[in-house]
Amino acid sequence: MLISFEGIDGSGKTTQARYLAEALRAEGRDVLLTREPGGSPGAEEIRRLLVEGAGERWSPETECLLFTAARRDHLERSIRPALAEGRVVITDRFADSTRVYQGAARGDLRPMVDRLHTLMIGVEPDRTFVIDVEPATGLARGAARGGTEDRFESLGLQFQERLAEGFRALAAEYPDRVILIDGSGSPDQVAARVRAAL
Ligand code: TYD
């Protein structure tokens, strides 16, 4: 099974991906916990190009190509081999991030995003959990964390609001796959919601 976690910056999805991986491992399942952009050596190199530097470093189109290149490598080198071995794969972000960040929030590129996805990726997760929080909350958490990977967070609150709306719209677009999870409360409370939904 391929499971993805999605959400705006600072939504807590990374923590939730880890909690679910630990819970499934405790039940004896073999789990690969991975992330995007990244998740394979080549894709981790592309990641640095994407998450560091100025907000306007890449055009939306170039950005889309880089994310898709990273995803393709991640799929070839990490995800597909793990699924072939019967492992459960949990990925922190996948194609829905490109649909929302590049396709909805930065210009009307969704048709291009969809065509690239069909051409180069062609798979969807079995289940996707969108951790839904208020954009102001997410941004505050991201700022508290610090670090240099702040290229998207640097685009501001309005941008985060468009993203949050984009993720909510995905749950309506893919009702059988994408599940909106209330991200408020403690990590344990959110994890319990994810588990119940799964
Ligand atoms: P991530 O490492 O998940 O950051 P965070 O833990 O802060 O949410 O992702 C890095 C950034 O890349 C994040 O701001 C979202 C963005 N992103 C896209 O714009 N498109 C994509 O396809 C992916 C996978 C990520």
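Calculation notes
Residues numbered from 1 in each chain as written. Predicted model: local features only at pLDDT ≥ 70, side-chain atom pairs only at ≥ 80, totals over all residues. Heavy atoms only, no water. Salt bridge = Lys/Arg side-chain N within 4 Å of Asp/Glu carboxyl O. Helix = DSSP H or I, 4+ residues; strand = E, 2+ residues; numbered from the N terminus. Buried < 20%, exposed > 50% of the residue type's maximum accessible area, 1.4 Å probe, protein only. Core = buried A, V, L, I, M, F, W, Y, C linked by side-chain atoms within 4.5 Å. Contact = heavy atoms within 4.5 Å. Pairing = 2+ DSSP bridges. Axes fitted to C-alpha atoms, helices over the stretch in contact; angles between N-to-C directions. Phe/Tyr/Trp six-rings, centres within 6.5 Å; stacked < 30°, edge-to-face > 60°. Lys NZ or Arg CZ within 6 Å of the ring centre and 35° of its normal.

Caption draft 1: Main features of the pattern of salt bridges. Across all of its chains, the model carries 19 salt bridges by this definition. Close ionic contact of Arg195 with Glu27 constitutes a salt bridge, the shortest N to O distance being 2.6 Å. One end of the pair, Arg195, is in helix H8 (residues 187–197); the other, Glu27, is in the loop between helix H1 (13–26) and strand S2 (31–35), and 168 residues separate them in sequence. A residue is classified by how much of its surface remains accessible, and Arg195, at 33% relative accessible area, is partly exposed. Three or more residues are tied together by salt bridges with common partners; here these are Asp96, Arg99, Arg110, Asp114, Glu124, Glu173 and Arg177.

Caption draft 2: Local environment of the nonpolar core. With 14 residues, the main nonpolar core has Ile3, Phe5, Leu20, Ile90 and Val194 as its most contacted residues. It is H1 that provides the largest number of residues to this core, a total of 4 residues. The residues contacting Ile90, other than those within four sequence positions of it, are Ile3, Phe5, Ala17, Leu20, Ala21, Leu24, Val31, Leu32, Leu33 and Thr34. Ranked by size, the runner-up nonpolar core spans 12 residues in total, among them Val133, Leu163, Ala164 and Ala171.

Caption draft 3: Highlighting the sheet that holds S2. Strands sit in the order S2-S3-S1-S4-S5 across an open sheet of 5 strands; the sheet is parallel. Taken across any chain shown, the strands that pair with only one partner, and hence form the sheet edges, are S2 and strand S5 (178–182). Across the sheet, the mean angle from the axis of one strand to that of its neighbour is 20°, orientation sign disregarded.

Caption draft 4: Main features of the packing of aromatic side chains. Inspection of the entire model under this criterion finds 3 aromatic pairs. Taken together, a centroid distance of 5.5 Å and an interplanar angle of 40° make the contact between Phe5 and Phe129 tilted. Of this pair, Phe5 sits in strand S1 (residues 2–6) while Phe129 sits in strand S4 (residues 127–132); the two residues are 124 residues apart in sequence, bridging distant segments of the chain. Phe5 gets classed as buried once you look at its relative accessible area, which sits at 0%. Classification of Phe129 as buried rests on a relative accessible area of 0%. Their ring planes at 70° and their centres at 6.2 Å tell us that Tyr101 and Phe167 sit as a pair that is edge-to-face. In this pair, Tyr101 is assigned in helix H4 (residues 95–105) and Phe167 in helix H7 (residues 157–173), connecting sequence segments 66 residues apart. As far as burial versus exposure is concerned, Tyr101 and Phe167 are alike and both buried. Aromatic ring contacts, followed pair by pair, group Tyr101, Phe159 and Phe167 into a single cluster. Arg71 extends its terminal NZ or CZ atom over the ring of Phe94, reaching a point 5.4 Å from the ring centre. Cation over ring: Arg177 sits above Tyr174, and NZ or CZ is 4.5 Å from the ring centre.

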